[in-house]
Amino acid sequence: MTALEAVSVYLPSVRVPIESLAGPLGLTDMQVKLFRRFHGLREVGRDPDASLEALLLKAAAGLDALHGQEHRVRYVLYARTMPVVGPYPVNPLHEVCHPLALGHALAFTVTHQSCASGLLAIDIAGRLLAADAADGPDGPDGKTEPLALILSGEKAFTREAQVFADTTVFGEGASACLVSAFGARDRMLSYASSVRGDFDSDTGANDARLQREYRPSLAGVMRQALDEAGLTLDDIRVVLPHNVNLVTWQRMCLLLKFPRDRVVLDNIPTSGHVFCADVFANYQTACERGLLQPGDRYLAAAVGAGGGATFAAMVFEH
Amino acid sequence: MTAQETGLDGDFRQQVLDTMTTVLARLLDRTEPVTEDMRLMEELGLSSTFGLELLLQVEDQLMILIDVEQMDADQMKTVGDLATFVAGHSQPG
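All of these numbers come straight from a predicted model, not from anything done at the bench.

## Points about the overall build of chain A
From N to C terminus, chain A includes nine helices and 13 strands. Along the first, second and third principal axes, the C-alpha atoms of chain A reach 60 × 45 × 40 Å. Within chain A, the proportion of its 318 residues that are buried is 51%. In chain A, the proportion of contacts linking residues at least 24 apart, taken out of those at least 6 apart, comes to 80%.

Structure below.
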């Protein structure tokens, strides 16, 4: 069963108040007030001296479980919100693999599900490793078992990568997560996703419909993931959200009748929406706050919007 | 539901309603008046984002803070529903 072996997150210590982004991004006073007052977005992380590669390496450097185990890493997946993060022929993923001594691994990017690509990457990594094990001598002995490394995090280069349509402000940061096919730590019990290409439009004609259907659609995949795991929301200790904004999750809680204090919203005011790294950052926060005990079940949820929309949810056992 | 039925301060609710209809007309660029019984989404086409901007402007004009955490947007069908909620879930800001 797919499992998270270790998670490391890098969030820059430099925080930028969203008011200071108003000028460069062309935000009105009302938009800034809306972000702060209702969306709960006060500041975002920026690391102006770090390249994209440096961000990813800083996250990987904190992954103690990787050190000395590089030879076991068979796949490196880079889960991304933005389809393009550098000019051709720059390949940030390959440039990161070499200093990490992972040049032997099959490395590829997972994208086109925007901010839901992180959960997809976990599912892909687990299935690739399980398929390899079924075809070969690799066994779940915990010592030689192959691993996959999932990287995520992006630089907020462009306006599109800094703010999303009165909804969220992106922050810089990165995460690194080791995945195995048979681990015992954080086992994935189920994964559900709904890819909605019908929300795509060049003119924004579907934006209002997406706003209307956003929360019910997300609730739908969360319930589907719970059903597939044979659980209900009452069995869930915490929800690890994507950091789109506070008001969306406050309303999700009303819709789901789930207590707000069991949704890990801590990072939204100080880090903003850290692309696909949100779920990993919120997992780390949940562990640091002692919210997860062995045996607890938790639910990760994300929406990727842009070029359509993907709603995704994943249930784990800690 | 009327202000009397909910035990709200009727004068304050009327003040909220008046402010809200004025702001809505401006936000939506309407020349026709906005009335209490109009449906926010179906009739006025109010999006979530405009809805939050409306609340922000009502807060500013009436110098109040609205407890949005308690607001179930799906229950706010009409302009009157929203005015009733705001009048019952706000405090001086």
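## Brief notes about the pairing of strand β4 (residues 73-79) of chain A
Residues and elements named next belong to chain A. With six of seven residues buried, β4 lies mostly within the body of the structure. As judged from the six bridges shared by β4 and strand β6 (residues 147-152), these two strands associate in the parallel manner. Bridge pairing in β6 places Val76 opposite Leu149. Looking at chain direction, β4 and strand β5 (residues 106-110) are connected through five bridges and run parallel.

## A short note on the packing of helix α2 (residues 10-27) of chain B against helix α3 (residues 48-62) of chain B
Residues and elements named next belong to chain B. It is the contact of α2 with α3, at a shortest axis distance of 10 Å, that shows an interaxial angle of 130 degrees. Taken together, the axes of α2 and α3 lie oblique to each other. Handedness of the α2/α3 crossing: right-handed. On α3, the residues that touch Gln15, Val16, Thr19, Met20, Val23, Leu24 and Leu27 of α2 are Phe50, Glu53, Leu54, Gln57, Val58, Gln61 and Leu62. Considering only residue class, the contact of α2 with α3 consists of nine nonpolar, four polar and one charged.

## Examining unusual backbone geometry
Residues and elements named next belong to chain A. With omega at 5 degrees, the peptide bond leading from Tyr88 into Pro89 counts as cis. Counting through the fold element by element, Pro89 comes out in the loop between β4 and α4 (92-97). The phi torsion at Ala101 lies on the positive side, around 60 degrees, for a residue other than glycine. For Ala101, the location among the structural elements is in the loop between α4 and β5. According to the C-beta neighbour criterion, Ala101 is partly exposed, with 14 such atoms within 10 Å. Although it is not a glycine, Phe275 adopts a positive phi angle of roughly 50 degrees.

## Side note on the interface of chain A and chain B
Counting residues at the interface gives twelve residues for chain A, matched by ten residues for chain B. Listed by contribution, the elements that provide at least two residues to the side of chain A that touches chain B are α2 (29-37), α6 (207-229) and α7 (246-256) of chain A. Looking at the side of chain A that touches chain B residue by residue, the class counts come to six nonpolar, two polar and four charged.

## Here's the deal with the domain arrangement of chain A
Residue and element names in this part refer to chain A. Looking at chain A, the domain boundaries give domain 1 (3-180) and domain 2 (186-317). Computed from C-alpha atoms alone, the centre-to-centre distance between domain 1 and domain 2 is 17 Å. Taken together, the contacts link 40 residues of domain 1 with 35 residues of domain 2. Those elements that provide at least two residues to the side of domain 1 that touches domain 2 are β1 (3-10), β3 (43-45), α5 (117-135), β8 (168-169) and β9 (174-180). Split into classes, the residues belonging to the side of domain 1 that touches domain 2 amount to 18 nonpolar, 16 polar and six charged.

## Here's the deal with the sheet that holds strand β13 (residues 309-317) of chain A
Strand pairing in a sheet relies on backbone hydrogen bonds, with the paired strands running either antiparallel or parallel. Residues and elements named next belong to chain A. Strand order in the open sheet made by the nine strands is β5-β4-β6-β9-β1-β10-β13-β12-β11, with mixed pairing throughout. Of all strands in the sheet, those bounded by a partner on one side alone are β5 and β11 (236-240). On average, each strand axis in the sheet is inclined to that of its neighbour by 25 degrees, with strand direction left out of account. Here α5 sits on the sheet in contact with β4, β5, β6, β9, β10 (186-196), β12 (297-305) and β13, set at roughly 160 degrees to β4.

## A word on the nonpolar core
Residues and elements named next belong to chain A. Of all hydrophobic cores here, the largest spans 135 residues; its most connected members are Leu77, Leu149, Ile150, Leu151, Ala225 and Met314. Sort the elements by how many residues they give to this core and α6 lands first, with eight residues. Two domains each donate at least three residues to this core, and these are domain 1 (3-180) and domain 2 (186-317). Each residue touching Leu77, except ones within four places of it in the same chain, is listed here: Phe108, Val110, Ala121, Ile124, Ala125, Ala148 and Ile150.

## Here's the deal with the environment of Phe170(A)
Inspection of the secondary structure assignment puts Phe170(A) in the loop between β8 and β9. Those residues in contact with Phe170(A), other than ones at most four positions away along the chain, are Val44(A), Ala156(A), Ala161(A), Gln162(A), Gly272(A), His273(A) and Phe275(A).

## Quick word on the pairing of β11(A)
Residue and element names in this part refer to chain A. Counting buried residues along β11, four of its five residues qualify, which places the element largely inside the surrounding structure. The sheet contact formed by β11 and β12 spans four bridges and is parallel. Note on β12: the bridge partner recorded for Ile236 is Arg297.

Reading the values: the criteria
Residues numbered from 1 in each chain as written. Chains lettered and ligands numbered in written order. Predicted model: local features only at pLDDT ≥ 70, side-chain atom pairs only at ≥ 80, totals over all residues. Helix = DSSP H or I, 4+ residues; strand = E, 2+ residues; numbered from the N terminus. Buried ≥ 20, exposed ≤ 12 C-beta atoms within 10 Å, placed from the backbone. Contact = placed C-beta atoms within 7 Å. Pairing = 2+ DSSP bridges. Axes fitted to C-alpha atoms, helices over the stretch in contact; angles between N-to-C directions. Parallel < 35°, antiparallel > 145°, perpendicular 65-115°, else oblique. Left-handed = near helix turned anticlockwise from the far one by under 90°. Nonpolar A, V, L, I, M, F, W, Y, C, P; charged D, E, K, R; others polar. Domains from an automatic or database assignment. Core = buried A, V, L, I, M, F, W, Y, C linked by C-beta atoms within 7 Å.

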